[in-house]
Amino acid sequence: MRILIIEDADSIRRMIEALVAGRGHAVETANSGARGVELAIATPPDLVLLDLNLPGTLDGFQVCEKLRSNPTTKTMPIVIISALDDEDSKRRAQEVGANAYYTKPFSPMALLKEIEGRKRT
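Keep in mind that what you see is a predicted model, and the values were worked out from it rather than measured.

**Some thoughts on the pairing of strand S4 (residues 78–82)**
Here is step 1 of the chain: Counting buried positions along S4 yields 5 of 5 residues, so the element is predominantly enclosed.
Here is step 2 of the chain: Across the two faces of S4 the burial is the same, with Ile-78, Ile-80 and Ser-82 and Val-79 and Ile-81 all buried.
Here is step 3 of the chain: Examined bridge by bridge, strand S3 (residues 47–50) and S4 share 3 bridges and lie parallel to one another. Bridge pairing links Val-48 to Ile-78 in S4.
Here is step 4 of the chain: For the segment spanning S3, helix H3 (residues 60–69) and S4, crossover handedness is right-handed.

Now the structure itself:
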């Protein structure tokens, strides 16, 4: 399974990358929303792990909207991993097309279970 991680915090991005690569998944990373959208459209992954608080012109909500509006990426699973723990952020993420929402700090085992569950669908 090919997974794209869009996360600006180096330590978190590396930890998630090690976690999913350790399960045999191919991983690509981006540290900004704009770069993540570029990578996802150029070579669509099987799943996107997306932070909401991203630097630059596109935050995670906007990344999700762009991916959902593109025919190449509109059906790919998008899993949010964010420090935002409020109901408004969770509702907004669902409205823009996120498939799941994990709050930092998250359970690595729960995330792996989510990824493995998406593999079968």
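**Thoughts on the environment of Glu-7**
Here is step 1 of the chain: Along the chain, Glu-7 turns up in the loop between strand S1 (2–6) and helix H1 (10–21).
Here is step 2 of the chain: Residue class for Glu-7 comes out buried when judged on its relative accessible area of 2%.
Here is step 3 of the chain: Apart from residues no more than four positions distant in its own chain, Glu-7 is found in contact with Ile-12, Arg-13, Ala-30, Asn-31, Asp-51, Leu-54, Ile-81 and Lys-104.
Here is step 4 of the chain: A distance of 3.0 Å separates a polar atom in the side chain of Glu-7 from the backbone nitrogen of Ala-9.
Here is step 5 of the chain: Polar contacts involving the side chain of Glu-7 include one to the side chain of Lys-104, which spans 2.8 Å.

**Some remarks on unusual backbone geometry**
Here is step 1 of the chain: Cis geometry is adopted by the peptide bond preceding Pro-105, which originates at Lys-104 and carries an omega value of -5°.
Here is step 2 of the chain: Its location among the elements puts Pro-105 in the loop between strand S5 (100–103) and helix H5 (108–119).

**Regarding the packing of H1 against H5**
Here is step 1 of the chain: Contact geometry of H1 with H5 gives a least axis separation of 11 Å together with a crossing angle of 55°. When the axis of H1 is compared with that of H5, the two are oblique. The two elements H1 and H5 cross, and the hand of that crossing is right-handed. On the side of H1, the interface is formed by Ile-16, Leu-19 and Val-20, while H5 contributes Pro-108, Leu-111, Leu-112 and Ile-115.
Here is step 2 of the chain: Broken down by class, the residue content of the contact of H1 with H5 amounts to 7 nonpolar, no polar and no charged.

Cut-offs used in this document
- Residues numbered from 1 in each chain as written.
- Predicted model: local features only at pLDDT ≥ 70, side-chain atom pairs only at ≥ 80, totals over all residues.
- Heavy atoms only, no water.
- Buried < 20%, exposed > 50% of the residue type's maximum accessible area, 1.4 Å probe, protein only.
- Helix = DSSP H or I, 4+ residues; strand = E, 2+ residues; numbered from the N terminus.
- Pairing = 2+ DSSP bridges.
- Right-handed = clockwise from strand over helix to strand, strands pointing away.
- Contact = heavy atoms within 4.5 Å.
- Polar contact = N/O pair within 3.5 Å; in protein donor to acceptor, adjacent residues only side chain to side chain.
- Axes fitted to C-alpha atoms, helices over the stretch in contact; angles between N-to-C directions.
- Parallel < 35°, antiparallel > 145°, perpendicular 65-115°, else oblique.
- Left-handed = near helix turned anticlockwise from the far one by under 90°.
- Nonpolar A, V, L, I, M, F, W, Y, C, P; charged D, E, K, R; others polar.

Everything listed here is a matter of coordinates, which is why it stays silent on function.
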